[in-house]
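Observations on the three-dimensional arrangement
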Amino acid sequence: MINLIGVPFEFAGMHYYQTAKDVDIGTLVVVTTAHGTYLGKVAKIRKATKEETKKPDFNQDFPYIDRIATFQDQSFEEEAKGREKEISDVTQREADKIKLNMKVMKSYLDINEDKVLITFASEGRVDFRELVRTLNSYFHLKIELRQIGVRDETKILGGIGICGRPLCCHTYLSEFAPVSIKMAKEQNLSLNPTKISGVCGRLMCCLKNEQETYEELNKKMPSRGERVTTPEGMKGEVNSVNVLRQLVKVLVETENEKEIREYHVEELKFKPKKKGKTKNKEHKEAAKKS
């Protein structure tokens, strides 16, 4: 089997490469990306699947690493940090001079020292052609300016989340997974934007972490408002559910009085809803009308 190594970059997420050499997690390697050749640290190691290896563009999707980083490569990385900061400072200064509404985030100097990638944040589109010409004449390098979103901006800057811990995106997340409001609903979270949004103002990435667990547990639970039968044989309406504890509060009527009782989901009898049933019904009705 072919070994694939994952190398994460702040500006491009996780990239996977083939390697014929023995590498471990944490090994420094020199790899080529769409934005240039950079030094990166191995974060993941996995075997290529049979489906991946059978694809005709396998070698294009997973190119070989350039080399394991040498002492000279590591020395370059230390020296480049000072130069990258200078490039960022000059870029911001020149952008302010021509009144471009942009905030320079970070610069990444190609290991061949002939190109630099400069990331910036802005609320709208920026015409930076004049800025590129100025920077070219100043540094005599190939300049690539790349606008990033608020999530990438937060990933670079870092910070503390509402949980009190350092942000996941800044510490270990190599790429962003899609997060939707449906996940918050599935997990019975408050839909108050301030409670389910991260520092970046977008939905918290950690909503994705437990989504599969909640989806599996919710399959066994009745919906709020659904009619169920209790162990005592009484009919009642679901008032609320605790997904993690698998507990259901049911509104029942006893001696002409309404009362809320709590049961474990396995004690109740109800008809599980079939996924897509409502949608199929709507499609059939629409087809009849047409």
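Our subject is the structure listed above.
A brief structural summary. (Residues numbered from 1 in each chain as written. Predicted model: local features only at pLDDT ≥ 70, side-chain atom pairs only at ≥ 80, totals over all residues. Heavy atoms only, no water.)

Helix and strand content of the protein: ten helices and 13 strands. A compact globule built from 290 residues should have a C-alpha radius of gyration of about 19 Å, whereas the protein, at 27 Å, is more than 25% larger. Projected onto its principal axes, the C-alpha positions of the protein cover 85 × 50 × 50 Å. Across the 290 residues that make up the protein, the buried fraction comes to 38%. For the protein, contacts bridging at least 24 residues in sequence account for 54% of all contacts bridging at least 6. With an accessible surface of roughly 18900 Å², the protein has 49% of that area assigned to carbon and sulfur atoms. Taken as two groups, the 51 positive and 44 negative side-chain charges of the protein have centres that lie 6 Å from each other. (Helix = DSSP H or I, 4+ residues; strand = E, 2+ residues; numbered from the N terminus. Rg over C-alpha atoms; globule rule 2.2 N^0.38 Å. Buried < 20%, exposed > 50% of the residue type's maximum accessible area, 1.4 Å probe, protein only. Contact = heavy atoms within 4.5 Å. Areas by Shrake-Rupley, 256 points an atom, 1.4 Å probe, with all protein chains shown as cover. Lys, Arg positive; Asp, Glu negative; His and termini not counted. Charge placed at Lys NZ, Arg CZ, Asp CG, Glu CD.)

Judged from the six bridges that link them, strand β11 (residues 235–242) and strand β12 (residues 247–254) form a sheet pairing that is antiparallel. Paired with N242 across the bridge in β12 is L247. Where β11 folds back on β12, the antiparallel hairpin that results is connected by four residues, among which Q246 adopts a positive phi of roughly 60 degrees. One ladder, built from eight bridges, connects β12 with strand β13 (residues 257–264); its direction is antiparallel. Looking at the pairing, L247 lines up with H264 of β13. Counted along the chain from β12 to the antiparallel partner β13, the turn is two residues long, and its residue E255 has a positive phi close to 50 degrees. (Pairing = 2+ DSSP bridges.)

Within soluble globular proteins, side chains that are nonpolar generally end up buried alongside one another. If you look at the biggest cluster of nonpolar residues, it comprises 24 residues, and the most contacted ones within it are M102, I118, I143 and L145. Elements supplying a minimum of two residues to this core: α3 (71–97), β7 (103–109), β8 (115–121), α4 (129–139) and β9 (142–148). In terms of residues, this core owes the most to one element, α3, which gives five residues. Within the second largest apolar cluster, 17 residues are counted, among which are Y17, L117, A121 and I148. (Core = buried A, V, L, I, M, F, W, Y, C linked by side-chain atoms within 4.5 Å.)

With that settled, consider unusual backbone geometry. Phi is positive for K99, close to 60 degrees, though the residue is something other than glycine. Mapped onto the elements of the fold, K99 is located in the loop between α3 and β7. Despite not being glycine, N188 shows a phi value in the positive range, around 55 degrees. Along the chain, N188 falls in the loop between α7 (181–186) and α8 (193–196). In this structure N188 comes out as partly exposed when scored by relative accessible area, which is 45%.

Another aspect to go through is the sheet that holds strand β6 (residues 67–68). Overall, antiparallel pairing links the three strands, which are arranged β4-β3-β6 in an open sheet. Each having just a single partner strand, β4 (36–41) and β6 make up the two edges of the open sheet. Pairing of strand β3 (residues 28–33) with β6, which is carried by two bridges, proceeds in the antiparallel orientation. When the bridges of β6 are listed, V30 appears paired with R67. The strands touched by α3 within the sheet are β3, β4 and β6, with β4 carrying the most contacts at an inclination of about 100 degrees. (Axes fitted to C-alpha atoms, helices over the stretch in contact; angles between N-to-C directions.)

Turning next to the sheet that holds β7. With mixed pairing, the three strands of this open sheet are ordered in space as β7-β8-β9. The two strands at the open ends of the sheet, each matched to only one other strand, are β7 and β9. Each neighbouring strand pair of the sheet contributes to a mean axis angle of 25 degrees, computed without reference to strand direction. Two strands pair when backbone bridges link them, and β7 and β8 are joined in this way by six bridges, in the antiparallel orientation.

Per the stated rule, a full pass over the model turns up six aromatic pairs. With a centroid separation of 5.8 Å and an interplanar angle of 80 degrees, the aromatic rings of F120 and F128 are classed as edge-to-face. Residue classification places F128 among the partly exposed residues on the basis of a relative accessible area of 24%. Ring-pair connections join several aromatic residues into one group, and the members of that group are F9, F11, Y38 and Y108. The ring centre of Y16 lies 4.8 Å from the NZ or CZ of R46, which sits over that ring. (Phe/Tyr/Trp six-rings, centres within 6.5 Å; stacked < 30°, edge-to-face > 60°. Lys NZ or Arg CZ within 6 Å of the ring centre and 35° of its normal.)

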